[in-house]
Amino acid sequence: MTDADARSVADFEKNRKLLFKVAYRVLGSVADAEDVVQESWLRWNRVDHSRVTDPQSFLIQVSTRLALDRLRRAKASREAYVGPWLPEPLPTGPEIGEGAETADSVSMAMLVVLETLSPLERVVFVLREAFEFSFADIGAVLGRSEPTVRQIARRARAHVRERQPRFRYDRKVRMQVTERFLAACLGGDIDRLLDLLAPEVTLWSDGNGLRGVPRTSVRGAQKVSRLLIHGIQKVLRPSAGASPGERGGGSVVDVNGGPAALIVAAGETVAVVVVDLDPVTDRITQIWIIANQDKLGGIEGER
């Protein structure tokens, strides 16, 4: 390997994590974001590096355009998805929660709202709000004028502000509520569960047609609690002939900058459940269940 080759590899590796972070926030899919990073690497290898004065800017431009193209194609397939399409859970750690803005930008609540933006609005919003790119730099990435980018950003920001739930950042409180929520679900304790739910709590389930997974949202504490208790207890129930030790269980894992409940049955992850809290009452206002097995491969917890 020549010195020039070594420098080009080092330039890419230096920016790999940033490319993934941008692509994941644009796409809401770990697998798609990883594909974007890989394709960016292939394109990076095909350019004359001596003509690239700013590797980071070049790589951001390439990866963002790839993510935008992929998102436009994904929009059509997501419209044909069976039931709600939810973002793929991203394994994280407590370190991502050092700042409320960082945790918020990758939270399930934010990613769900970003799904309501147009692809171009989403890219502009992510680059501006999550990564603080200048309007001029975003324009260079997208091949748009600065005034146009400003207009898109203003429209996207207003859209997000209108739909974004109030974010409960306090990590300690979120952990406590998630642990109590998981214990109530695993124990089949509907009264304890009702104590945690806001009266108008809404539940969304992503199973892509998986049997037993609701294909529309469910609203109201009574309906949501019954669905959770019945569904999770059914999943945990050992199959005929199974040993008592094969009963499922759960644990709390870190995804998207905060705690989430992991449901396991027969040694396999069957669902990740993320809850969002009212910042005043600390009761659960939103529940997102990701049960599509194609989205759970990277999530690990206590089995």
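Residues numbered from 1 in each chain as written. Predicted model: local features only at pLDDT ≥ 70, side-chain atom pairs only at ≥ 80, totals over all residues. Heavy atoms only, no water.

What to know about the overall build of the protein
Here is step 1: Secondary structure assignment for the protein yields 11 helices and 6 strands.
Here is step 2: Taken over the C-alpha trace, the protein has a radius of gyration of 21 Å; the compact-globule value for 303 residues is 19 Å, and the two agree within 12%.
Here is step 3: Dimensions along the principal axes, computed over C-alpha positions, put the protein at roughly 65 × 45 × 35 Å.
Here is step 4: A buried classification covers 48% of the 303 residues belonging to the protein.
Here is step 5: For the protein, long-range pairs separated by at least 24 residues make up 68% of all intrachain contacts whose partners lie at least 6 apart in sequence.
Here is step 6: In the form shown here, the protein has an accessible surface area of approximately 15,100 Å², with 48% of it arising from carbon and sulfur atoms.
Here is step 7: Taking the average location of the 42 positive side-chain charges in the protein and that of its 40 negative ones, the two points are 5 Å from each other. (Helix = DSSP H or I, 4+ residues; strand = E, 2+ residues; numbered from the N terminus. Rg over C-alpha atoms; globule rule 2.2 N^0.38 Å. Buried < 20%, exposed > 50% of the residue type's maximum accessible area, 1.4 Å probe, protein only. Contact = heavy atoms within 4.5 Å. Areas by Shrake-Rupley, 256 points an atom, 1.4 Å probe, with all protein chains shown as cover. Lys, Arg positive; Asp, Glu negative; His and termini not counted. Charge placed at Lys NZ, Arg CZ, Asp CG, Glu CD.)

Points about helix α6 (residues 119–130)
Residues separated by three or four positions in an α-helix point in the same direction, a consequence of the helix having 3.6 residues per turn.
Here is step 1: Compared with an ideal rise of 1.5 Å per residue, which puts 12 residues at 16 Å, α6 spans 16 Å between its outermost C-alpha atoms and is within 8% of the ideal.
Here is step 2: Buried residues dominate α6, accounting for 9 of its 12 residues.
Here is step 3: When α6 is considered as a whole, its buried residues turn out to be Pro119, Leu120, Glu121, Arg122, Val123, Val124, Phe125, Val126 and Leu127.
Here is step 4: With its phi angle positive at about 55 degrees, glutamate 132 sits one or two positions after the end of α6. (Expected span 1.5 Å × (residues − 1).)

With respect to the layout of surface pockets
Here is step 1: As a volume, the second largest pocket reaches approximately 550 Å³.
Here is step 2: Lining the second largest pocket are 20 residues; nearest its centre among them are Arg211, Gly212, Val213, Gly231 and Val235.
Here is step 3: Of the residues forming the lining of the second largest pocket, the biggest block, 7 residues, is contributed by helix α11 (residues 221–236).
Here is step 4: Taken together, the residues of the lining of the second largest pocket break down into 13 nonpolar, 5 polar and 2 charged. (1 Å grid on protein atoms, 1.4 Å probe; cavity = no way out; pocket = protein on both sides within 12 Å on 5 of 7 lines; lining within 4 Å. Points joined across faces, edges and corners; volume = space filled by probe spheres on them. Nonpolar A, V, L, I, M, F, W, Y, C, P; charged D, E, K, R; others polar.)

Here's the deal with the packing of aromatic side chains
Here is step 1: If you walk through the whole model with that rule in mind, you get 3 aromatic pairs.
Here is step 2: Aromatic pair phenylalanine 20 and tyrosine 24: ring centres 6.2 Å apart, planes at 10 degrees, arrangement stacked. Here tyrosine 24 and phenylalanine 20 lie together in helix α1 (residues 3–27), a separation of 4 residues that amounts to about one turn. Residues phenylalanine 20 and tyrosine 24 agree in their burial class; the two are buried.
Here is step 3: The positively charged end of arginine 128 is found above the aromatic ring belonging to phenylalanine 135, 4.1 Å away from the centroid.
Here is step 4: The ring of tryptophan 85 is capped by lysine 295, whose NZ or CZ atom sits 4.0 Å from the centre of that ring. (Phe/Tyr/Trp six-rings, centres within 6.5 Å; stacked < 30°, edge-to-face > 60°. Lys NZ or Arg CZ within 6 Å of the ring centre and 35° of its normal.)

As for the pairing of strand β3 (residues 249–255)
Here is step 1: Relative to strand β4 (residues 258–265), β3 runs antiparallel, the two sharing 7 bridges. Considered in β4, the bridge of valine 255 is made with glycine 258.
Here is step 2: What sits between β3 and β4 in their antiparallel hairpin is a turn of 2 residues, with asparagine 256 showing a positive phi close to 50 degrees. (Pairing = 2+ DSSP bridges.)

Comments concerning the pairing of strand β6 (residues 284–290)
Working note: regular strand, side chains alternate between the two faces of the sheet.
Here is step 1: Burial within β6 is extensive, with 5 of its 7 residues counted as buried.
Here is step 2: Direction of pairing for strand β1 (residues 197–206) relative to β6: parallel, over a ladder of 6 bridges. Counted as the bridge partner of aspartate 206 is isoleucine 290 from β6.
Here is step 3: Strand direction decides the pairing type here: strand β5 (residues 268–277) and β6, joined by 6 bridges, are antiparallel.

Concerning the UniProt feature "domain: RNA polymerase sigma-70 region" (unreviewed entry) in the protein
Here is step 1: Taking the numbering used here, the UniProt-annotated feature "domain: RNA polymerase sigma-70 region" (unreviewed entry) corresponds to residues 12–75.
Here is step 2: End C-alpha atoms of residues 12–75 are separated by 29 Å, and the span's content is 83% helix alongside 0% strand. (UniProt positions renumbered as here; feature names shortened; annotations may be inferred.)

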